[in-house]
Amino acid sequence: MVVLAVHGGAGGDGPWGGMTDVDPQRLDCMRRLLNDLGGRLQRGEINALEAVTLAVEVMEDEPLFNAGRGSVLDASGSITMDASIMRGHDQAAGAVVNIKRSRHPIRVANHLLQDGWPVMLNSEAADVFGAEKKVETVDQHWLITELRQAQWAKWKANKSAPGSTDEDDRAILDHDADEQPGMGTVGAVALDIHGHVAAATSTGGMTGKPNGRIGDTPIIGAGTWADATVAVSCTGIGEAFIRTCAARSLAAYHEVMPLDTAGRKVLNEVAPYGGRGGLIAINTDGRVITPFQTMLMYRGTYVGGLVELGIGPQTYA
Ligand code: ASP
């Protein structure tokens, strides 16, 4: 059995108010990629590692998610992106931090994984490495969207705390009528026909983050983890996921408890450190979980040819 699951970020407080005008576009993006890549995974045309890379690339190209084009802006008004990827059966990993010119940060991370050393590259060096590997180079004007510019202008006008997030009331007081609070970081986990799993996560971080800030997304063991048994991709207030080694903790707990119990335990541990968010995880038995403790988490799964999507509490076929 193959499984593919994706998330498009978690966020918000209180009860979910229903879909916004732009949510169908997000759901469409996830539905298309799950059908396409799930089918290719099923037919054995791609393995788990390539499935999560391609899934994240599609979401990096969708401007309504906070990764690649459409990433949120940092304190200086620039886009700086983080991404990481991990292959389960040999725990090979790749990660990039504060990357500014690569269209697909996750593909740069994938190339690091394939090369085997080093695991992590920073800023300009990561962009240069990506360009050497023929990952498309783009400029900041292409990456920055009007929506993110408007959110950043509100963040600045409100003199919000550094690191305030989209869904933090002090950061973005009035979401546009058609825009729902949500961080929009993207991630994917997959199980292929060989019984191998992989995980990938990519983000622009948090609106108004201080220059140089690194969240959990590029940190192996915090935002992303895969080993011989499980694959995990997290989203939420990154500092809390770092402080609890969230993704790796889930794998450790899963050695002695079911996947869903391990997932809930991790989110409960993150919460006291100011971390609200969610995660997606799968195991080699084909189980998939998508828990979150925020108002919403954009998510979708492909299991046995069936696609299921969700934003708030309910799911859609
Ligand atoms: N975890 C990401 C970060 O802290 C943000 C997110 O998941 O939306 O950079």
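Cut-offs used in this document
- Residues numbered from 1 in each chain as written.
- Predicted model: local features only at pLDDT ≥ 70, side-chain atom pairs only at ≥ 80, totals over all residues.
- Heavy atoms only, no water.
- Pairing = 2+ DSSP bridges.
- Helix = DSSP H or I, 4+ residues; strand = E, 2+ residues; numbered from the N terminus.
- Contact = heavy atoms within 4.5 Å.
- Axes fitted to C-alpha atoms, helices over the stretch in contact; angles between N-to-C directions.
- Core = buried A, V, L, I, M, F, W, Y, C linked by side-chain atoms within 4.5 Å.
- Buried < 20%, exposed > 50% of the residue type's maximum accessible area, 1.4 Å probe, protein only.
- Parallel < 35°, antiparallel > 145°, perpendicular 65-115°, else oblique.
- Left-handed = near helix turned anticlockwise from the far one by under 90°.
- Nonpolar A, V, L, I, M, F, W, Y, C, P; charged D, E, K, R; others polar.
- Near = heavy atom within 4 Å.
- Polar contact = N/O pair within 3.5 Å; in protein donor to acceptor, adjacent residues only side chain to side chain.
- Areas by Shrake-Rupley, 256 points an atom, 1.4 Å probe, with all protein chains shown as cover.
- Phe/Tyr/Trp six-rings, centres within 6.5 Å; stacked < 30°, edge-to-face > 60°.
- Lys NZ or Arg CZ within 6 Å of the ring centre and 35° of its normal.

Draft legend 1. Summary view of the sheet that holds strand 10 (residues 288-289). Taken in spatial order, the four strands of this open sheet run 7-8-9-10, and their pairing is antiparallel. Either end of the sheet is taken by a strand with one partner, and the two such strands are strand 7 (224-226) and strand 10. Where strand 7 meets strand 8 (residues 230-236), three bridges bridge the pair, whose relative direction is antiparallel. By the bridge assignment for strand 8, Ala226 is matched with Ala231. Relative to the sheet, helix 8 (residues 246-254) contacts strand 7, strand 8 and strand 9 (277-283), its axis offset from that of strand 8 by approximately 140°. Relative to strand 9, helix 9 (residues 259-270) is tilted by about 155°, and along the sheet it contacts strand 8, strand 9 and strand 10.

Draft legend 2. How the structure looks around the nonpolar core. Judged by nonpolar contacts, the single largest core of 56 residues is most densely connected at Leu4, Val6, Met30, Leu33, Leu34, Met59 and Ile85. Looking at this core element by element, the count peaks at eight residues for helix 2 (residues 48-61). Setting aside residues no more than four positions away along its own chain, Leu4 makes contact with Leu33, Leu34, Leu37, Gly38, Leu41, Ala51, Val189, Ala190, Gly300, Thr301 and Tyr302. In this structure, Val189, Cys234, Tyr253 and Ile289 belong to the second largest nonpolar core, which totals 33 residues.

Draft legend 3. Local environment of the sheet that holds strand 12 (residues 306-310). Taken together, nine strands build an open sheet; the order of strands is 4-3-2-6-5-1-11-12-13 and the sheet is mixed. Strands at the two margins of the open sheet, each flanked by one partner only, are strand 4 (120-122) and strand 13 (315-316). Two strands pair when backbone bridges link them, and strand 5 (residues 186-191) and strand 6 (residues 197-203) are joined in this way by six bridges, in the antiparallel orientation. If you follow Leu191 over to strand 6, its bridge partner there is Val197. Against the sheet, helix 2 touches strand 1 (3-11), strand 2 (81-87), strand 5 and strand 6, its axis set at about 155° to strand 5. Packing of helix 3 (residues 105-115) onto the sheet brings it into contact with strand 2, strand 3 (92-99), strand 4 and strand 6, and relative to strand 3 it is tilted by some 140°.

Draft legend 4. Region of interest: the packing of helix 1 (residues 23-42) against helix 2. Closest axis-to-axis distance for the helix 1/helix 2 pair is 10 Å, and the angle between their directions is 160°. Between helix 1 and helix 2, the interaxial angle falls into the category roughly antiparallel. In terms of crossing hand, the pair formed by helix 1 and helix 2 is right-handed. Along the contact surface, helix 1 presents Cys29, Met30, Leu33, Leu37, Arg40 and Leu41, while helix 2 presents Ala48, Ala51, Leu54, Ala55, Val58 and Met59. Among the residues making up the contact of helix 1 with helix 2, the classes are represented as 11 nonpolar, no polar and one charged.

Draft legend 5. Spotlight on the site of the ligand. Within the structure, the ligand sits among 11 residues, and Thr185, Arg213, Asp216, Thr235 and Gly236 are positioned closest to it. Between the ligand and Arg213 there is a distance of 2.8 Å, counted from an oxygen atom to a side-chain nitrogen or oxygen. Thr235 is positioned such that a nitrogen or oxygen atom in its side chain is 2.7 Å from an oxygen atom of the ligand. A total of 270 Å² of accessible area belongs to the ligand in isolation, and the protein chains cover 100% of it.

Draft legend 6. A look at the packing of aromatic side chains. On inspection of all chains with the given rule, the structure shows one aromatic pair. Ring geometry for Phe65 and Tyr298: centres 6.4 Å apart, planes at 75°, overall edge-to-face. Of the two residues, Phe65 sits in the loop between helix 2 and strand 2 while Tyr298 sits in strand 11 (residues 296-303), which places them 233 residues apart along the sequence. Judged by its relative accessible area of 2%, Tyr298 falls in the buried class. Cation over ring: Lys265 sits above Tyr253, and NZ or CZ is 4.8 Å from the ring centre.

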